[in-house]
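Examining the three-dimensional arrangement
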Amino acid sequence: MRYDLKRDLGALYKPRSGRFVRVDVPEMRYLAIDGHGDPNTEPAYRAAVEALYVSGYQVRSAFKRRTGSDFVVGPLEGLWSSEDPATFVQGRKSDWDWTMLIPLPAPVSTEDVAEGLAAASAKKPDLPLVTHLTMTEGLCLQTLHIGSYDDEAPVLAHLHDELMPELGFTWNGRHHEIYLGDPRRTAPEKLRTILRQPVAPA
(Lines give C-alpha, C1' and ligand atoms only; values in the text may rest on other atoms or scores of the structure.)
Protein backbone atom coordinates (compact mmCIF):
# COMPACT_ATOMS: atom_id res chain seq x y z
CA MET A 1 0.00 0.00 0.00
CA ARG A 2 1.24 3.51 -0.82
CA TYR A 3 0.11 6.41 1.37
CA ASP A 4 -0.06 9.93 -0.05
CA LEU A 5 -1.39 12.61 2.30
CA LYS A 6 -2.18 15.02 -0.54
CA ARG A 7 -4.40 12.33 -2.04
CA ASP A 8 -5.73 10.72 1.13
CA LEU A 9 -6.56 14.03 2.89
CA GLY A 10 -7.76 15.97 -0.12
CA ALA A 11 -9.91 18.37 1.91
CA LEU A 12 -6.77 19.58 3.70
CA TYR A 13 -4.32 19.54 0.81
CA LYS A 14 -6.43 20.47 -2.23
CA PRO A 15 -8.27 23.74 -1.48
CA ARG A 16 -9.48 26.06 -4.21
CA SER A 17 -7.80 29.38 -4.80
CA GLY A 18 -9.54 32.73 -4.47
CA ARG A 19 -11.40 32.24 -1.21
CA PHE A 20 -10.90 30.98 2.32
CA VAL A 21 -12.78 27.88 3.44
CA ARG A 22 -13.25 26.28 6.85
CA VAL A 23 -11.52 22.96 7.53
CA ASP A 24 -11.22 20.83 10.65
CA VAL A 25 -7.65 19.59 10.92
CA PRO A 26 -7.31 16.44 13.07
CA GLU A 27 -4.30 15.36 15.11
CA MET A 28 -1.32 14.99 12.78
CA ARG A 29 2.32 14.05 13.26
CA TYR A 30 5.35 15.71 11.73
CA LEU A 31 9.09 15.79 11.54
CA ALA A 32 10.01 19.29 12.73
CA ILE A 33 12.84 21.81 13.14
CA ASP A 34 12.60 25.25 14.81
CA GLY A 35 14.45 28.36 13.66
CA HIS A 36 14.41 32.13 13.31
CA GLY A 37 15.09 34.68 10.58
CA ASP A 38 14.62 35.36 6.88
CA PRO A 39 14.19 32.03 5.03
CA ASN A 40 15.75 33.59 1.92
CA THR A 41 19.05 34.45 3.61
CA GLU A 42 19.33 32.44 6.83
CA PRO A 43 21.69 29.43 6.35
CA ALA A 44 19.95 27.60 9.20
CA TYR A 45 16.73 27.55 7.15
CA ARG A 46 18.36 25.76 4.22
CA ALA A 47 20.03 23.31 6.59
CA ALA A 48 16.68 22.65 8.28
CA VAL A 49 14.95 21.83 5.00
CA GLU A 50 17.76 19.49 3.98
CA ALA A 51 17.64 17.75 7.37
CA LEU A 52 13.88 17.27 7.12
CA TYR A 53 14.06 15.62 3.72
CA VAL A 54 17.02 13.39 4.63
CA SER A 55 15.10 12.33 7.74
CA GLY A 56 11.82 11.91 5.86
CA TYR A 57 13.33 9.47 3.38
CA GLN A 58 15.04 7.52 6.16
CA VAL A 59 11.75 7.26 8.08
CA ARG A 60 10.09 6.04 4.90
CA SER A 61 12.77 3.35 4.53
CA ALA A 62 12.20 2.21 8.11
CA PHE A 63 8.45 2.11 7.53
CA LYS A 64 8.89 0.05 4.34
CA ARG A 65 11.15 -2.45 6.11
CA ARG A 66 8.61 -2.92 8.90
CA THR A 67 5.38 -3.04 6.87
CA GLY A 68 6.18 -3.57 3.21
CA SER A 69 4.11 -0.46 2.48
CA ASP A 70 5.30 2.94 1.27
CA PHE A 71 4.44 6.62 1.55
CA VAL A 72 5.11 9.80 -0.39
CA VAL A 73 7.50 12.11 1.48
CA GLY A 74 6.40 15.71 1.84
CA PRO A 75 5.16 18.27 1.13
CA LEU A 76 7.28 20.75 3.04
CA GLU A 77 5.20 22.77 5.50
CA GLY A 78 5.95 25.64 7.84
CA LEU A 79 4.56 27.25 10.99
CA TRP A 80 5.31 30.96 11.16
CA SER A 81 5.00 33.44 14.02
CA SER A 82 6.37 36.73 15.31
CA GLU A 83 6.02 38.89 18.38
CA ASP A 84 4.38 41.43 16.04
CA PRO A 85 1.86 39.79 13.64
CA ALA A 86 2.16 42.83 11.36
CA THR A 87 5.59 41.59 10.27
CA PHE A 88 3.88 39.12 7.91
CA VAL A 89 1.86 41.74 6.10
CA GLN A 90 4.86 44.10 6.07
CA GLY A 91 7.29 41.43 4.91
CA ARG A 92 9.78 41.89 7.78
CA LYS A 93 11.17 38.40 7.36
CA SER A 94 14.15 38.80 9.68
CA ASP A 95 11.66 38.97 12.59
CA TRP A 96 9.99 35.66 11.80
CA ASP A 97 10.14 32.51 13.92
CA TRP A 98 9.54 29.30 12.01
CA THR A 99 9.05 25.58 12.50
CA MET A 100 9.55 23.66 9.28
CA LEU A 101 7.68 20.38 8.93
CA ILE A 102 7.32 17.18 6.96
CA PRO A 103 3.95 15.47 7.65
CA LEU A 104 3.80 11.76 8.44
CA PRO A 105 0.98 9.34 7.56
CA ALA A 106 -0.86 7.89 10.57
CA PRO A 107 0.45 4.30 10.09
CA VAL A 108 4.06 5.44 10.62
CA SER A 109 5.04 4.33 14.14
CA THR A 110 7.18 6.07 16.72
CA GLU A 111 9.68 3.25 16.23
CA ASP A 112 9.84 4.01 12.49
CA VAL A 113 10.52 7.65 13.32
CA ALA A 114 13.22 6.82 15.87
CA GLU A 115 14.94 4.40 13.49
CA GLY A 116 14.74 6.87 10.61
CA LEU A 117 16.08 9.80 12.62
CA ALA A 118 18.99 7.70 13.88
CA ALA A 119 19.82 6.64 10.31
CA ALA A 120 19.61 10.24 9.08
CA SER A 121 21.92 11.43 11.87
CA ALA A 122 24.45 8.73 10.98
CA LYS A 123 24.27 9.60 7.29
CA LYS A 124 24.52 13.39 7.76
CA PRO A 125 25.91 14.06 11.25
CA ASP A 126 26.36 17.80 10.63
CA LEU A 127 22.67 18.44 9.92
CA PRO A 128 20.51 20.06 12.65
CA LEU A 129 18.43 17.95 15.01
CA VAL A 130 15.00 16.87 13.77
CA THR A 131 12.24 16.25 16.31
CA HIS A 132 8.89 14.43 16.25
CA LEU A 133 5.88 16.74 16.69
CA THR A 134 2.19 15.93 17.22
CA MET A 135 -0.27 18.77 16.62
CA THR A 136 -4.04 19.25 16.45
CA GLU A 137 -5.04 22.51 14.76
CA GLY A 138 -8.80 21.98 14.76
CA LEU A 139 -10.90 24.67 13.09
CA CYS A 140 -8.91 26.59 10.45
CA LEU A 141 -9.45 28.97 7.57
CA GLN A 142 -7.38 28.14 4.53
CA THR A 143 -6.97 28.98 0.86
CA LEU A 144 -4.70 28.13 -2.05
CA HIS A 145 -2.43 31.02 -3.00
CA ILE A 146 -1.03 30.96 -6.54
CA GLY A 147 1.94 33.26 -6.98
CA SER A 148 5.15 34.30 -5.28
CA TYR A 149 5.59 34.12 -1.53
CA ASP A 150 6.02 37.91 -1.44
CA ASP A 151 2.54 38.31 -2.94
CA GLU A 152 0.91 36.62 0.06
CA ALA A 153 0.79 39.86 2.09
CA PRO A 154 -2.50 41.24 0.67
CA VAL A 155 -4.16 37.83 1.09
CA LEU A 156 -3.08 37.65 4.73
CA ALA A 157 -4.13 41.26 5.34
CA HIS A 158 -7.61 40.40 4.03
CA LEU A 159 -7.74 37.35 6.31
CA HIS A 160 -6.50 39.11 9.45
CA ASP A 161 -8.14 42.52 9.09
CA GLU A 162 -11.41 41.72 7.32
CA LEU A 163 -12.46 38.08 7.17
CA MET A 164 -11.60 36.94 10.69
CA PRO A 165 -13.33 39.93 12.37
CA GLU A 166 -16.31 39.53 10.04
CA LEU A 167 -16.68 35.87 11.03
CA GLY A 168 -16.06 36.56 14.72
CA PHE A 169 -12.78 34.63 14.86
CA THR A 170 -9.45 35.25 16.52
CA TRP A 171 -6.08 33.50 16.25
CA ASN A 172 -5.82 30.00 17.73
CA GLY A 173 -2.37 28.93 16.55
CA ARG A 174 0.52 29.83 14.31
CA HIS A 175 0.19 30.76 10.64
CA HIS A 176 0.66 27.54 8.64
CA GLU A 177 1.88 27.25 5.06
CA ILE A 178 2.02 24.13 2.89
CA TYR A 179 4.28 24.29 -0.15
CA LEU A 180 2.93 22.39 -3.14
CA GLY A 181 5.56 23.68 -5.56
CA ASP A 182 9.34 23.60 -5.66
CA PRO A 183 10.70 27.17 -5.85
CA ARG A 184 13.89 25.82 -7.43
CA ARG A 185 11.96 24.53 -10.45
CA THR A 186 8.80 26.66 -10.58
CA ALA A 187 8.39 30.25 -11.73
CA PRO A 188 7.35 32.50 -8.80
CA GLU A 189 4.02 33.39 -10.40
CA LYS A 190 3.12 29.68 -10.64
CA LEU A 191 3.99 28.61 -7.09
CA ARG A 192 1.11 26.99 -5.19
CA THR A 193 0.97 27.50 -1.42
CA ILE A 194 -1.79 26.61 1.03
CA LEU A 195 -2.27 29.39 3.59
CA ARG A 196 -3.88 28.08 6.79
CA GLN A 197 -4.82 29.87 10.01
CA PRO A 198 -6.16 28.07 13.09
CA VAL A 199 -9.03 30.12 14.53
CA ALA A 200 -11.44 30.19 17.47
CA PRO A 201 -14.48 32.30 18.37
CA ALA A 202 -13.35 35.74 19.53
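To keep things clear, this report deals only with the structure shown in the data block.

About the criteria used
- Each chain has its residues counted from 1, running along the sequence as written.
- Given that this is a predicted model, residues contribute local features only at a pLDDT of at least 70 and side-chain atom pairs are listed and counted only at 80 or more, while totals for whole chains, interfaces and linings are drawn from all residues.
- Side-chain figures throughout are based on the complete set of non-hydrogen atoms in the structure, without hydrogens or water.
- Labels follow the DSSP assignment, with helices taken as runs of H or I lasting at least four residues and strands as runs of E lasting at least two, numbered in each case from the N terminus.
- Exposed residues in this analysis have more than 50% of their type's maximum accessible area, buried residues have under 20%, and partly exposed residues fall in between, with area computed by a 1.4 Å probe over protein chains only.
- We call two residues in contact whenever any of their non-hydrogen atoms come within 4.5 Å of each other.
- For two strands to pair, DSSP has to find at least two bridges joining them.
- Of the grid points, spaced at 1 Å and generated over the protein atoms alone, those admitting a 1.4 Å probe that cannot get out make up cavities, while open sets with protein on both sides within 12 Å along at least five of seven lines make up pockets; any residue with an atom within 4 Å of a point is treated as lining.
- Grid points are joined across faces, edges and corners, and a volume is the space filled by probe spheres set on the points.
- Classification convention: Asp, Glu, Lys, Arg as charged; Ala, Val, Leu, Ile, Met, Phe, Trp, Tyr, Cys, Pro as nonpolar; all other residues, Gly among them, as polar.

This part covers the side chain of Ser 55. Note that Ser 55 resides in helix 3 (residues 43-67). Judged by its relative accessible area of 4%, Ser 55 falls in the buried class. Ignoring any residue separated from it by four or fewer positions in sequence, one finds Ser 55 in contact with Leu 31, Leu 117, Ala 120 and Val 130.

Most of strand 4 (residues 77-81) sits out of view: four of its five residues are buried. Pairing analysis gives five bridges linking strand 4 to strand 5 (residues 97-104), with the strands arranged antiparallel. Following the sheet pairing, Leu 79 is matched in strand 5 by Thr 99. Note that strand 4 and strand 8 (residues 175-179) share four bridges and pair antiparallel. Looking across to strand 8, one finds that Leu 79 is bridged to His 176.

Turning to the layout of surface pockets, a few remarks are in order. What the largest pocket holds in volume is close to 1000 Å³. As for the largest pocket, its lining consists of 35 residues, of which Tyr 45, Leu 76, Tyr 149, Tyr 179 and Pro 183 are closest to the centre. Put simply, the parts of the chain that give the lining of the largest pocket at least two residues each are helix 3, helix 4 (86-90), helix 6 (153-167) and strand 8. The leading source of residues in the lining of the largest pocket is helix 3, at four residues. Estimated volume of the second largest pocket: approximately 160 Å³. Around the second largest pocket sit Ala 51, Val 54, Ser 55, Leu 117, Ala 120, Ser 121, Lys 124, Pro 125, Leu 127, Pro 128, Leu 129 and Val 130, which together line it. For the lining of the second largest pocket, a count of residues per class yields nine nonpolar, two polar and one charged.

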